[in-house]
Amino acid sequence: MNARTIALTAVSIAIVTVLVASVPVPIPATGGFTHPGAVAEIFVAVAFGPVIGMVAAGVGAALADLILGYGSWAPLTLIAHGSLGLLAGWLSRGRGKGGMFAGWIAGGFALVALYFIGQATVYGLGVAGAAAELPFNLFQVALGVLGLGLFFVVRAVYPQIEQLAGGKGFTDVSKS
Amino acid sequence: MPGDGPVAINADLYVPGRSWAHRLDPRVKLLFVACFIVLVLVYDNLFFMLSALVLVHLLHFSARVPAARLRFVWKTLLPVALLMALLWTLFYPRGEALAVFWIVEITLHALAQGAALGLRILVMAFAVFAWLYTTDQAALVRSLVKVGIPYEWGLVLALALRYIPTFQGSYMLISEAQAARGLELRGAGFARVRRMMPIFVAMIVTSLRASEQLGRAIEARALGAPGVRRSVLHDIRFRPADYAASLLLAAGTALLLYLNFALGIGEHPIALG
Amino acid sequence: MSVPALAARELRYRYPSSSDGNAPDALRGVDFALPEGGYVALVGQNGSGKTTLAKHFIGLLRATAGQVLVSGRVVADASVSALARDVGFVFQNPDHQIFNASVREEIAVGPRNLGAGAVEVERRVEESLVRFELEDCADRQPAALSFALRRAVAVAAVFAMDTPILVLDEPSAGLDALHVQRLLARIEERRARGHSVVIITHDMQLVAEHVPRCVVMHEGRVIAEGDTAEVLGDQALVERAHLGTPQVTRLARRLRATGMSGNVFGVDAFCDHFSRLRAGGSGSSALDGR
C-alpha cells in the first residue's frame, strides 16, 4: 500500500464517520432522525473503488457507532456497511452510470439484508424486531443514491480527484 | 435533540488515567473484549447476563471511568434493550402463561429471554467501551498491529481517528459559511440532503486536499522505504501482570464454555443448571 | 446620531462544551458599536474572542446573555439567511465556501440565495468578476485555482451579495502584497458607497496604514477602542493585548534621539514627520551624519 492510498483511505473513513455521526437528517413525517452516511459511502466507493469503498464505509460507520455509544452494533455495522462499499465500488468500476446505479442497488440490498439477518439471529432481535428496523435502514440506503450525484458534482468542481483515484503516483496537481 | 445544524461529537473516547486497567497491555484488553463477547453470545441465562453486567460495571468503576461516560452508553442503548425485551415478551411465548391480554400471552420464559437479550446488548457495549475508555489511540493502534494487522492498516486507522475531529470541525465551519451566504437547511429526507449538497461538496474537496498533502507528508517521511524494517518508539511489552491476566481470562473463559457446552449450564433463560 | 450598523450590549457567550466544563466564557460582557459607514479593525491575540463576537452578527452564534443589534434591530431569532441580507461575512478559509464547478456559478450563489432576479444576478456576477480581476478564470473550477485566487473568489462571492455591512475574518492571511492591496481597494469602494466594514486581523501594519479605528479584544472583553493611532500609541495596551508594533513605528522609536516622534504608525506619517523634521532643522544633524 503506497502513501497516497493510505492517506486517501484514512481521509475517506473520516468523511464517512463525520457524516454518519454528526449530521442529522429529519425523516419525513415521523419526527425521527437518520443520517446521510450512505451518501458518503456511495461517493467514496464510486470515486475510489471497491477496496477503499469497503474499508471507508465499514470502518467509518463502525467508528461512528462506537463514538455514538452504540458499541454493540459496531461488528454488524462493519460487515453490512462494508458490503455496501464493496459492491457499490466493484459494480461501478468502468461500467458507467448504469454500473453505478446497479452498485447502489446491490450494495443497498446487501446492507439491508445483512442488518436484517444479523439483528434477527446473532443479536436476537427476532424476525419481528429486525422487521421493525427495516424501514429505517431502507430509507438510509435510499438516500445513498444522492451519493452518485455528489460524485459528478465533486468531479466537476475538483477534477484532481481523477488523479487521486488513479493508480499513478503523485503529480503536483494542486496549487495550494 | 438534534436541531438544524451538525452535532458536535467527541471522537476521542479515551479517559486519561493510571489505573490498573489503563496499565494493562492493550492486547490483554483486546482478549478480554473477545472473551466477554463470546461468553455473552453463548450464554442465554438472565442471571449470567446480570452478573456480567455488574462485573463489567465494577471494572469501569475500578478503572475510574467517570459515571457520565457510563450514563452515555446507558442512554443510547437502553431504548434498544427495552425494545428487545418487549418484542421477545410479546412475540415468543413459551411454557405456562403468567398473564393473558387478548391474544398476547406473557410467559416467564419469554420475559426472561427478552430481558437477557436486552442486557446482552448492554454488556457487549460496556465490554468494548472498557477497552476504548482505558486505551489511548496510539496504544490502540499499536495493539492491533501487534496482533497481526499490517502496519499500513494500523496507520490508516490512526490517521482516520486523527482526522475525524478535524473534519467534524470543518463540516461545522462549512455549514456556517454556506448559511452566511443564504443557504437554508429546511425540509426532511431527500429534500434536506439535497440542500446539504453544497456543504458536502466543500467538505469533500477540503478533505481531499488534506489527503493529498497527507500523502506527500507520509512519503516525505520515508514510509515503505525499501529494505528497512520499521522500528518503534514506544513498544508495548507483556509484563508479568499481563501474563497473569491473560491466563486468568483464558482459564475463566474455558471453564465457562465447558460448563455451557458439556453441562448445559446457562442454556435456559431463567432456570439454573 | 444615526443607528449603529452593528452593536453588541453586555454580550456574553459560553461555548456549549461537553468535555471542558470549567472553561471561562468566550465573551464576558462585550460592548461594541460600528457606526453606519464606519470602518473598524477588530484586533487582539488568538482566542481573545474576535471571531466569536463577529459570528453573533450573522446569527451563527446566539448570545448567552446581552443583546446583539444589526442595523438597529435586535437579533433574537432571526435566521442566518435572513441576516445574510444585511451582513456579508467572509470566512477565514476560502475552501469552506467553494462548491461550484465554475467561478461564475460560485459568485452567483449568494445573490440567488437572496432572491435576486436573473438579470440582477448576471449584472452582479459580471461586476464582481471585473472588480476582482477574475474575468480570465470566470469559467474555470474555483477549487483548481491558486490559494490567492480562491480567496479572491470567496471574497468576490460575498461582495456580490452587496450587503450594507461587511465582516471579514482574517482576509489578508496567506495573501501576497499585491492581492492584499487589491482587497483593500475593493473595501474602499464599498466604503465610498456608505457601507460599514469590520475587519478581523493580526496584521497591525495593515491596520495602521488603512483602518481608521481599532477595537482591541482581550480574554473575551473589549479593553480599548479608539483611533488607530491612539490605540497603537498606548504601549502598555499594545503589550497587554500582544498586538505587535508596525515596523515603521519601531523604526521611528529607534530614531527618537533625532527628534523623531515615537507615535508614527504609517509610512506616510513617517515621511510627513521626517520632512517636517528636516525643514524645521531640529535634531536633523544627527541624521545627516549617516
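Everything numeric in this text was worked out from a predicted model, so none of it was measured.

A.B. asks: Go over the interface of chain A and chain C with me, naming the residues and quoting the values.
C.D. replies: Contacts between the two partners involve 8 residues from chain A, matched on the other side by 11 residues from chain C. Taken together, the two surfaces of chain A and chain C that pack against each other cover about 650 Å², and 57% of this comes from carbon and sulfur. One can count 0 salt bridges joining chain A with chain C. Between the two partners, chain A and chain C, sit 1 residue pair in polar contact (both at pLDDT 80 or more). For the side of chain A that touches chain C, the per-class residue count stands at 5 nonpolar, 2 polar and 1 charged.

A.B. asks: Go over the environment of G95 of chain B with me, naming the residues and quoting the values.
C.D. replies: Counting through the fold element by element, G95 of chain B comes out in the loop between α4 (67–91) and β1 (97–101). Between the C-alpha atoms of G95 of chain B and E105 of chain B, which are 10 residues apart in sequence, the distance is 9.9 Å.

A.B. asks: Could you give an account of unusual backbone geometry, with specific residues and numbers?
C.D. replies: The general pattern is negative phi for most residues beyond glycine and trans for most peptide bonds. Residue and element names in this part refer to chain C. Phi at S71 takes a positive value of approximately 50°, unusual for a residue other than glycine. Among the secondary structure elements, S71 is positioned in the loop between β4 (65–70) and β5 (73–74). Of the residues examined, S71 reaches a relative accessible area of 29% and is grouped as partly exposed. Located in the positive-phi region is H242, a residue other than glycine, with phi close to 55°. Relative to the helices and strands, H242 resides in the loop between α9 (235–240) and α10 (247–254).

A.B. asks: Outline the interface of chain A and chain B, supporting the account with residue identities and numerical values.
C.D. replies: Tallying the contact residues gives 65 residues for chain A and 68 residues for chain B. Where chain A touches chain B, the interface holds 0 salt bridges. The interface formed by chain A and chain B includes 3 residue pairs in polar contact (both at pLDDT 80 or more). Mapped by element, the contributors of at least two residues to the side of chain A that touches chain B are α1 (3–22), β1 (25–26), α2 (37–68), α5 (126–143), α6 (146–157) and α7 (161–165) of chain A. Tallied by class, the residues present in the side of chain A that touches chain B amount to 51 nonpolar, 13 polar and 1 charged.

A.B. asks: Help me get a handle on the packing of aromatic side chains, residues and values and all.
C.D. replies: All chains considered together, the criterion is met by 17 aromatic pairs over all chains. Residues W74 of chain B and F126 of chain B carry aromatic rings whose centres are separated by 5.9 Å and whose planes lie at 55° to one another, so their mutual orientation is tilted. Placement of W74 of chain B in helix α4 and of F126 of chain B in helix α5 (residues 108–134) is noted, with a sequence separation of 52 residues between them. Residue classification places F126 of chain B among the buried residues on the basis of a relative accessible area of 0%. Ring geometry for F132 of chain C versus F159 of chain C: centroids 5.4 Å apart, planes at 90°, classification edge-to-face. Taken together, the positions of F132 of chain C in the loop between α4 (118–131) and α5 (147–159) and F159 of chain C in helix α5 put the pair 27 residues apart, joining distant regions of the chain. Look at F132 of chain C and you get buried, because its relative accessible area is 8%. What links up through ring pairs into an aromatic cluster is the set F43, F48, F151 and F152 of chain A. Lying across the ring of F159 of chain C, R190 of chain C places its NZ or CZ 5.0 Å from the centre.

A.B. asks: Account for the domain arrangement of chain C, naming residues and giving values.
C.D. replies: Residues and elements named next belong to chain C. When the domains of chain C are assigned, the result is domain 1 (6–243) and domain 2 (246–290). Taking only C-alpha atoms into account, the centre of domain 1 sits 35 Å from that of domain 2. Of the residues lining the interface, 8 residues belong to domain 1; the matching set on domain 2 comes to 8 residues. In total, about 650 Å² of surface goes out of reach between domain 1 and domain 2, with carbon and sulfur atoms giving 55% of it. At the junction of domain 1 and domain 2, the tally comes to 0 salt bridges.

A.B. asks: Run through the sheet that holds β4 of chain C, naming residues and quoting values.
C.D. replies: Residue and element names in this part refer to chain C. An order of β2-β1-β4-β5 is seen for the 4 strands of this open sheet, with the pairing classed as antiparallel. Each edge of the open sheet carries a strand with a single partner, namely β2 (27–34) and β5. As paired strands, strand β1 (residues 6–13) and β2 are joined by 6 bridges and run antiparallel to one another. In the sheet register, Y13 faces β2, and the bridge partner there is L27.

Calculation criteria
- Residues numbered from 1 in each chain as written.
- Chains lettered and ligands numbered in written order.
- Predicted model: local features only at pLDDT ≥ 70, side-chain atom pairs only at ≥ 80, totals over all residues.
- Heavy atoms only, no water.
- Contact = heavy atoms within 4.5 Å.
- Buried area = accessible area lost by both parts, 1.4 Å probe.
- Salt bridge = Lys/Arg side-chain N within 4 Å of Asp/Glu carboxyl O.
- Polar contact = N/O pair within 3.5 Å; in protein donor to acceptor, adjacent residues only side chain to side chain.
- Nonpolar A, V, L, I, M, F, W, Y, C, P; charged D, E, K, R; others polar.
- Helix = DSSP H or I, 4+ residues; strand = E, 2+ residues; numbered from the N terminus.
- Buried < 20%, exposed > 50% of the residue type's maximum accessible area, 1.4 Å probe, protein only.
- Phe/Tyr/Trp six-rings, centres within 6.5 Å; stacked < 30°, edge-to-face > 60°.
- Lys NZ or Arg CZ within 6 Å of the ring centre and 35° of its normal.
- Domains from an automatic or database assignment.
- Pairing = 2+ DSSP bridges.

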